[in-house]
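Below, each chain spelled out in residue letters.
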Amino acid sequence: MNPFEKIFNHQILSRLEDAGTFMVTAHERGWLKTMLRHPAALEALEAETLARLETILEQDQPLDTQELLLHKAASKEKQVYHALLRPLRRAIMNKNFVRLSYGLKNGRGFNEQTAFPYKLEYSMVKREWYLLWYHMRYRTLMSTKLHKITEVHEEPCSEESYEQLQATVLSLLEKRKLSVDILVERQYNAELSRILYAFSCFEKEVRYTEESDEYTIRLSFLNNESEYVLSKTRFLGKRVRLINGDYMRGRMLESATKALARYGE
Amino acid sequence: MAKESFDKEIQFLRMLVLTSGAYSRQQFADRLGISVHTFDKTIKRLKEVVSSVHRQLPSEQGKEFAETIRFHYLDSSDPMLLFLFRAKSLKESESGRLSLLLAALDGQPLTAMELLDACCCSMPASLPLPDEKTIRADLKYLEQVGVIKKENGPRPYRYRLRLDLVQELTREELQDVYDFVDIMANTQLPSVQGYLLRDGLKKHMIRNQDGQPLIEPFLYKYHYYSRILDEAHLFMLLGAIRNRRTVSFLYFSPKKGTSYASKNTNPLFERDTEGKLETILPLKVVYDHQYGRWYLLGHHQRYGIMKYRLEGLTQVEEGETVPEELFSENRELLDLRLRHSWLIDTGRAVTVRIRFFNPGPGIANFVKERVLLQGQWGSVTDEEDGDSFLYEIVVNGTVEIKPWIRSFGSSCEVLEPLKLRQEMIEEWKEIKTYYESF
């Protein structure tokens, strides 16, 4: 199976788009057939749909990669699909509100809060789904684990409010953006590829200064992500150094001091 | 036509994505081991592909290429790098013909002769008219890749498009399938075929709602999105493993400066390559979730088990078949040696014991949650005082697990082995000096 088949060529694709023709190859169907064996398929698709897909894909060969492909250092796959994805996804698609009931980590619960849902987010690290929403009463951005949500009811939202709320969400997100500059210690330049891979899951910009042969990575992230950025920085150890941001530099100093105290140093 | 390799494009895109705008043209070209002229040619070609794939995007004119493919989290639903897999070169006449054939078959089954007529009628005047033999060869190809099907019945055979996937599902069901494909392509491996399918379904759904843009509800946080570049080699390697065949390639260690050597036929432009020509029996492909990197593990006739980063592989070619015994013997050995690898270390196993500290009463125990989630096969035992728990794991060497331990900061203390404990102390001391002066 070659992912560079000529049938995937961009000119063919764009001509088919002009003609309004749908095309699907045995490669893609084989992939789908393989994925349907995953337990998530039973949750994501109705039994009837699954049965229909089985007939449609009857003659296709699944990709047999299981034996040959090994996963390492993966987080346990707690959750791939969640039953609330369907109603929430539809509310987002219909540009509507939802009334949410949910619990918090400390056991407190909230009932029937009016929420403007804007994205469903899966954390590749925690392997869990979150609903990202705007709290209408508190006028603040929220992130709630789907498994903490007990009830969802879709409610209509006017076209006008929708446009307005979308803009509000974007501007709040923009306000919450932080950035930090990370210097790659020059003696570790040979490990640049590893370091850049580790940060490739962030929005970033890299600067290279030829005279000093130094690389600086400017990461952009939301303020609730600082902890994860710090954990990545500790992960890379001596290879990188935060060169601005008093709060985060202070946290790094605190980590190092406290860690040494654990060892009686 | 020589077999088209995408080594140059892959290396090019990887560097562009990782270093996002750090280098000037000259610096970039130097690091790839290509000339500035080749740099310009490659970027022009990639731009062409991108603009034909993403024409619904706002005008890209004047926008820098690096900016075009830069990662923006909120817009990350469509994987930008997928266009690499659309880059296969095709003659204008062939791409024109294949798309005309498919468009003609949309809605009605036709015979080869009817298709020849249809093709000749609609072929642009600038392109040569096809003959029957060419059309038959095209149909054979389309049948082989599973896009069309020969209908049962008397000769002459009729061909039809295989549209069951979109025709036999209701709109509601198709939406569910689309979501499922999106989720699986993003969270599972391999993903390229899933992304291609997602793309096709998406266009179909947009057509069905009168061109209204689709609202993309899903985002995947902390995703290593450049990983799909390495899937370019994946299927060839998996095929070689399945067929017990050796592979040869020119290897560029990612630690070295240059990552690609042009395979020039003009001797004037030949340059010394820094790469190393390797031939191995491939045994396993490993995906490292910690960094989002791929590895090829195999048996080298002289050196035994060898490990390569997929990003360093170029000019990969299949070689001869080996006897099954040789393959299974080495495969078993590798499986055994990998049993305790945090990533791919096949060195001596050691027991690592770590005390983790709970965050304190009333705070959710995110430390334990994370250890249980990411601690692979290690065991967790609560300690009596309730303030901490012990984590114990038998692992090959300590180099690969060390960054993970360090990421917990002061929430843990290495107890064993003593050497690792000492190393942690030294590293924290040094890191402390980075931040003391502010």
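What you see is a predicted model, and the numbers here were worked out from it, not measured in a lab.

Novice: Explanation requested: the overall build of chain B in the structure shown.
Specialist: A count of helices and strands for chain B gives 15 helices and 13 strands. Along the first, second and third principal axes, the C-alpha set of chain B runs to 80 × 60 × 55 Å. For chain B, buried positions account for 38% of its 438 residues. Pairs at least 24 apart in sequence give 62% of the contacts found in chain B among residues at least 6 apart.

Novice: Whenever I open this one, the overall build of chain A confuses me. Can you help?
Specialist: Scanning chain A from N- to C-terminus turns up 9 helices and 10 strands. Scaling as 2.2 N^0.38, a compact globule of 265 residues should have a C-alpha radius of gyration of about 18 Å, whereas chain A reaches 24 Å, well beyond that. By its C-alpha atoms, chain A is 65 × 50 × 40 Å across when sized along the principal axes. Out of the 265 residues belonging to chain A, those deemed buried represent 32%. Within chain A, contacts between residues separated by at least 24 positions form 60% of all contacts whose residues are at least 6 apart in sequence.

Novice: What is the right way to look at the environment of Asp-64 of chain A in this model?
Specialist: Structurally, Asp-64 of chain A can be placed in the loop between α4 (47–56) and β1 (69–72). Measuring from C-alpha to C-alpha, the distance between Asp-64 of chain A and Trp-31 of chain A comes to 9.3 Å, with 33 residues separating the pair along the chain.

Novice: Help me understand the interface of chain A and chain B, please; the structure alone is not making it clear to me.
Specialist: By a widespread convention, an interface's size corresponds to the accessible area lost as its parts come together. Opposite the 97 residues of chain A that make contact, chain B presents 109 residues. The element contributing the most residues to the side of chain A that touches chain B is helix α9 (residues 246–262) of chain A, with 10 residues. Residues that form the side of chain A that touches chain B fall into these classes: 51 nonpolar, 21 polar and 25 charged. Relative to strand β4 (residues 218–221) of chain B, strand β3 (residues 109–123) of chain A is paired through 4 bridges, and the arrangement is parallel.

Novice: What am I meant to see in helix α10 (residues 192–208) of chain B here?
Specialist: At 3.6 residues per turn, the α-helix brings residues three or four places apart onto the same side. In this model α10 of chain B runs 25 Å from its N-terminal to its C-terminal C-alpha over 17 residues, within 8% of the 24 Å that 1.5 Å per residue would give. Residues of α10 of chain B that are buried: Val-192, Gln-193, Gly-194, Tyr-195, Leu-196, Leu-197, Arg-198, Asp-199, Gly-200 and Leu-201 of chain B. Where the residues of α10 of chain B are buried, they touch α2 (26–35) of chain A together with α9 (171–187) and α11 (231–242) of chain B. Looking one or two places after α10 of chain B, you find Asp-210 of chain B, whose phi comes out positive at around 55 degrees.

Novice: Looking at this structure, how should I read the packing of helix α8 (residues 226–236) of chain A against α9 of chain A?
Specialist: Packed helix pairs are characterised by how far apart their axes lie and by the angle those axes make with each other. Residue and element names in this part refer to chain A. As a packed pair, α8 and α9 sit with axes 11 Å apart at the nearest point and diverge in direction by 50 degrees. It follows that α8 is oblique to α9 by the angle criterion. Read as a crossing pair, α8 and α9 show a hand that is right-handed. Between α8, through Ser-226, Leu-230, Thr-233 and Arg-234, and α9, the contact on the second element is made entirely by Met-248, Arg-251, Met-252 and Ser-255.

Novice: Mind showing me how you'd approach the confidence of the model for chain B here?
Specialist: As a note on interpretation, predicted positions should not be read in detail where pLDDT is low. All names here are of chain B. Scored by pLDDT, chain B comes out at a mean of 88, with 91% of its residues at no less than 70. Between residues 58–62, whose pLDDT stays under 50, and residues either more than four places distant or in other chains, the model counts 2 contacts. Low pLDDT, under 50, characterises residues 263–272; the stretch is placed with 4 contacts to residues that sit more than four places away or in other chains. This prediction of the complex comes with two scores: 0.93 for pTM and 0.96 for ipTM.

Novice: How should the packing of helix α1 (residues 7–19) of chain B against helix α2 (residues 25–32) of chain B be read in this particular structure?
Specialist: Residue and element names in this part refer to chain B. It is at 11 Å that the axes of α1 and α2 come closest, and there the two elements cross at 130 degrees. Relative to α2, the element α1 lies oblique. The element α1 and its partner α2 pack so that their crossing is right-handed. Taken together, the residues of α2 that come into contact with α1 (itself represented by Gln-11, Phe-12 and Met-15) are Phe-28, Arg-31 and Leu-32. Of the residues belonging to the contact of α1 with α2, the class tally is 4 nonpolar, 1 polar and 1 charged.

Novice: When you look at the sheet that holds strand β8 (residues 203–209) of chain A in this model, what are you seeing that I'm missing?
Specialist: In a beta sheet, neighbouring strands pair by backbone hydrogen bonds and run either parallel or antiparallel. All names here are of chain A. Spatial strand order, β8-β9-β7-β10: 4 strands in an open sheet with antiparallel pairing. Each edge of the open sheet carries a strand with a single partner, namely β8 and β10 (240–242). Put simply, the sheet's adjacent strands are angled 25 degrees from each other on average, direction ignored. Here 7 bridges tie β8 to strand β9 (residues 214–222), and the two strands are oriented antiparallel to one another. Note on β9: the bridge partner recorded for Arg-207 is Thr-216.

Novice: Help me understand the pairing of strand β8 (residues 304–309) of chain B, please; the structure alone is not making it clear to me.
Specialist: All names here are of chain B. Two elements, strand β7 (residues 293–300) and β8, share 6 bridges in a ladder whose sense is antiparallel. Bridge pairing links His-299 to Ile-305 in β8. Adjacent in sequence and paired antiparallel, β7 and β8 are bridged by 3 residues.

Novice: I keep staring at the domain arrangement of chain A and nothing clicks. Help me out?
Specialist: According to the domain assignment, chain A contains domain 1 (7–56), domain 2 (85–175) and domain 3 (177–262). Domain 1 of chain A and domain 3 of chain A are separated by 41 Å when their C-alpha centres are compared.

Novice: How should the pairing of strand β4 (residues 128–135) of chain A be read in this particular structure?
Specialist: Looking along a regular strand, one sees side chains alternate from face to face of the sheet. Residues and elements named next belong to chain A. Bridge analysis of β3 against β4 gives 8 bridges, and the strand direction is antiparallel. Across the sheet, the residue bridging to Phe-116 is Tyr-134, located in β4. Hairpin connection of β3 to β4: 4 residues between the antiparallel strands, including Arg-127 at a positive phi of 55 degrees. Hairpin geometry of β4 and strand β5 (residues 140–145) is characterised by an intervening segment of 4 residues between the two adjacent antiparallel strands and by a positive phi of about 50 degrees at Arg-139.

Novice: Whenever I open this one, the sheet that holds strand β3 (residues 158–161) of chain B confuses me. Can you help?
Specialist: All names here are of chain B. Sheet architecture is open: 3 strands sit in the order β1-β3-β2, paired in antiparallel fashion. With one partner strand each, in any of the chains shown, β1 (110–111) and β2 (148–150) form the two edges of the open sheet. Pairing geometry for β1 and β3, over 2 bridges, is antiparallel. For Leu-110, the partnering residue across the bridge sits in β3 and is Tyr-159.

Novice: For this particular structure, what's the right way to read the confidence of the model for chain A?
Specialist: In this model, chain A carries a mean pLDDT of 93, and residues with pLDDT of at least 70 account for 100%. Here helix α7 (residues 192–198) of chain A stands out as the element of chain A with the lowest mean pLDDT, 89, in contrast to β4 of chain A, whose mean of 97 is the highest.

Novice: Is there a simple way to explain the nonpolar core in this structure?
Specialist: A general feature of soluble globular proteins is that nonpolar side chains tend to end up buried together. Residues Leu-84, Leu-101 and Leu-237 of chain B are the most contacted members of the largest nonpolar core, which totals 164 residues. Once residues lying within four places of it in the same chain are set aside, the contact partners of Leu-237 of chain B are Val-247, Pro-282, Val-285 and Leu-296 of chain B.

Novice: Teacher, can you tell me more about helix α6 (residues 112–122) of chain B here?
Specialist: Residues and elements named next belong to chain B. The set of residues buried in α6 consists of Leu-115, Leu-116 and Cys-119. Down the axis of α6, the buried set is contained in an arc of 105 degrees. They therefore lie on one face. Facing away from the buried side of α6 by more than 90 degrees, the exposed set consists of Met-113 and Cys-121. Tucked inside the fold, the buried residues of α6 contact α5 (92–105), β1 and α7 (132–144).

Novice: Just checking my understanding: could you explain the environment of Gly-250 of chain A for this structure?
Specialist: Residues and elements named next belong to chain A. Looking at the secondary structure, you find Gly-250 in helix α9. You can call Gly-250 partly exposed: it has 13 C-beta atoms within 10 Å. Sequence separation between Gly-250 and Arg-207 is 43 residues, and the spatial gap between their C-alpha atoms is 24 Å.

Novice: Can you help me understand the environment of Met-35 of chain A in this one?
Specialist: Relative to the elements of secondary structure, Met-35 of chain A occurs in helix α2. For Met-35 of chain A, a count of 25 C-beta atoms within 10 Å translates into the label buried. In the structure, Met-35 of chain A is positioned 93 residues away from Glu-128 of chain A in sequence and 19 Å away in space, judged by C-alpha atoms. Aside from chain neighbours lying at most four places away, what touches Met-35 of chain A is Ala-41 of chain A together with Met-184, Gln-188 and Gly-194 of chain B.

Rules used throughout
- Here the residue index of a chain counts from 1 through its sequence in written order.
- Ligands are numbered from 1 and chains lettered from A, in the order in which they are written.
- A pLDDT threshold of at least 70 governs which residues receive local features in this predicted model, and a stricter bar of 80 or more applies before side-chain atom pairs are shown or counted, although totals over entire chains, interfaces and linings include all residues.
- Think of it this way: any DSSP run of H or I at least four residues long counts as a helix, any run of E at least two long counts as a strand, and we number them from the N terminus.
- Exposure classification rests on a simple neighbour count of other C-beta atoms within 10 Å of a residue's own: a residue reaching 20 or more is buried, one at 12 or fewer is exposed, and one in between is partly exposed. C-beta atoms are placed from the backbone.
- Contacts are defined on C-beta atoms placed from the backbone: any two residues whose C-beta positions lie within 7 Å are in contact.
- We compute the radius of gyration from the C-alpha atoms alone; for a globule the expected value is 2.2 Å times N to the 0.38, where N is the number of residues.
- Following the grouping adopted for this structure description, the nonpolar residues are Ala, Val, Leu, Ile, Met, Phe, Trp, Tyr, Cys and Pro, the charged ones are Asp, Glu, Lys and Arg, and the polar ones are all others, Gly among them.
- Should DSSP find at least two bridges between two strands, the strands are regarded as paired.
- In this scheme, a helix's expected span is set at 1.5 Å multiplied by one less than its residue total.
- For helices, the axis comes from a line fit to the C-alpha atoms of the stretch in contact; other axes are also lines fit to C-alpha atoms, and the angle between any two N-to-C directions lies between 0 and 180 degrees.
- Working definition: roughly parallel below 35 degrees, roughly antiparallel above 145 degrees, roughly perpendicular at 65 to 115 degrees, and oblique for all remaining angles.
- Two helices cross in a left-handed way if the nearer one is turned anticlockwise from the farther one by less than a right angle. They cross in a right-handed way if the turn is clockwise.
- The score called pLDDT rates the predictor's confidence residue by residue, from a low of 0 to a high of 100.
- In this entry, domain limits derive from an automatic or database-based domain assignment.
- In this usage, the nonpolar core is the set of buried Ala, Val, Leu, Ile, Met, Phe, Trp, Tyr and Cys residues whose C-beta atoms join them within 7 Å.
- Throughout, the arc means the angular range of directions from the helix axis out to the C-beta atoms.

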